[in-house]
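Coordinates in review
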Amino acid sequence: MSHRTAVTALILVVALSATLAYAGPANLLHERAASLIAAAADVPAEPSSVIAAGDFNHDGIADLVEVILPGGKNAGQRFLTVRLGKRDGTFAQVASRNVVGGDPRALVVGDFNGDGNPDVIVGDGNGALSEFLGDGKGKLAPAGDIANVGTIVSMATGQFTRDEKLDLVISDLSSNKATILLGAGNGSFRRAWSFELPRRGAEFHIATADFNKDGLTDLVITTDDNADYEVMLGNGNGTFTYAPQLSHLRDPYTYCPS
């Protein structure tokens with residue numbers, strides 16, 4: 001299964017799971033998720049892009065932010081650029097020289113410093129998490145690295161505590177752990193907790209949603225290797241509890257994250 005297939009399947013699983021209550025029929029979730037992942041396997045493989053959406057100029061039209069190689073090159077210095085959406089469905093690129101690492105793996109969008117403008121955090125394969133702050137007009141300014149881990153595979157954002165500030169979760173291949181970074185609301189983060197991922201040597205992708213309707217962000221973890229996924233329910237303090245009844249593993253009770 002390709003990287004694009006896994007990501008597509010993950011998005012489908014999260015969309016489905018978020019519609020089901022915690023006490024809902026778990027077997028229905030499992031069956032529907034399996035069928036969606038099987039359908040996603042038919043998507044042809046394409047080069048993956050590090051890209052996300054957000055409204056960077058507050059005009060009510062979705063914009064794109066992505067890492068690019070200028071001039072159609074296959075190698076070289078990569079840059080973070082914003083493409084502002086137009087009402088006709090096209091996009092206009094904003095001039096930018098925001099340099100990112102040589103192996104960008106993921107990026108997330110959110111208002112991380114509390115000024116009302118979307119910001120961006122880019123995760124590199126070397127473990128660096130680089131922050132870029134939005135000015136509300138479509139431009140981004142580098143704010144330095146907020147943290148370093150081992151080897152970033154995936155990351156997602158959500159409110160993991162009750163302070164209404166955005167936090168981060170990072171999937172780290174080198175340590176085989178998911179690391180939780182709690183946001184201070186001013187653009188800075190602190191490490192709060194980490195837990196083991198299901199298996200060493202596999203690249204795990206993480207997405208966020210409120211699966212049990214308690215107002216707290218939860219996690220779903222999946223990989224390219226199979227159709228399995230693990231759900232971790234938020235405790236409201238930056239930690240998570242594994243939910244075997246919502247997960248899809250050959251034996252869901254054998255996974256014991258710590």
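What follows is about the overall build of the chain. When you go through the chain residue by residue, the secondary structure sums to two helices and 17 strands. Per-residue burial over the chain gives 48% buried out of 258 residues. Pairs at least 24 apart in sequence give 41% of the contacts found in the chain among residues at least 6 apart. Here the chain displays about 11800 Å² of accessible surface, and carbon together with sulfur accounts for 51% of that area.

The biggest cluster of nonpolar side chains holds 17 residues, and the ones touching the most others in it are Phe-160, Val-169, Phe-195, Leu-219, Ile-221 and Met-232. Listed by contribution, the elements that provide at least two residues to this core are strand S12 (177-183), strand S14 (204-209), strand S15 (218-223) and strand S17 (240-242). Counting residues per element, this core draws most heavily on S12, which supplies three residues. Dropping the residues within four chain positions of it, Leu-219 is found in contact with Phe-160, Val-169, Phe-195, Ile-206, Ala-207, Thr-208, Phe-211, Glu-230, Val-231, Met-232 and Phe-240. Grouped together as the second largest cluster of nonpolar side chains are 15 residues, Val-50, Val-82, Val-120 and Val-122 included.

Moving on, we get to the pairing of strand S6 (residues 104-110). Among the seven residues of S6, five are classified as buried, and the element is accordingly described as predominantly covered. As judged from the six bridges shared by S6 and strand S7 (residues 119-124), these two strands associate in the antiparallel manner. Paired with Leu-107 across the two strands is Val-122, which belongs to S7.

Thresholds applied
Every chain begins its residue count from 1, and numbering advances along the sequence as written. Owing to the predicted nature of the model, reporting of local features is limited to residues with pLDDT of at least 70; listing and counting of side-chain atom pairs is limited to 80 or more, with chain, interface and lining totals taken over all residues. Water and hydrogen atoms were dropped before computing side-chain values, which therefore reflect all heavy atoms in the structure. A run of H or I in DSSP becomes a helix once it reaches four residues, and a run of E becomes a strand once it reaches two; helices and strands are each numbered from the N terminus. Here's how the labels work: a residue is buried when its accessible area is under 20% of the maximum for its type, exposed when over 50%, partly exposed in between, all with a 1.4 Å probe on protein chains only. By definition, residues are in contact when any of their heavy atoms lie within 4.5 Å. Only the protein chains shown count as cover for residues, and all accessible areas are computed by the Shrake-Rupley method using a 1.4 Å probe. Here the nonpolar core consists of buried residues drawn from Ala, Val, Leu, Ile, Met, Phe, Trp, Tyr and Cys, with membership extended through side-chain atoms lying within 4.5 Å. Paired strands, in this sense, are two strands between which DSSP finds at least two bridges.

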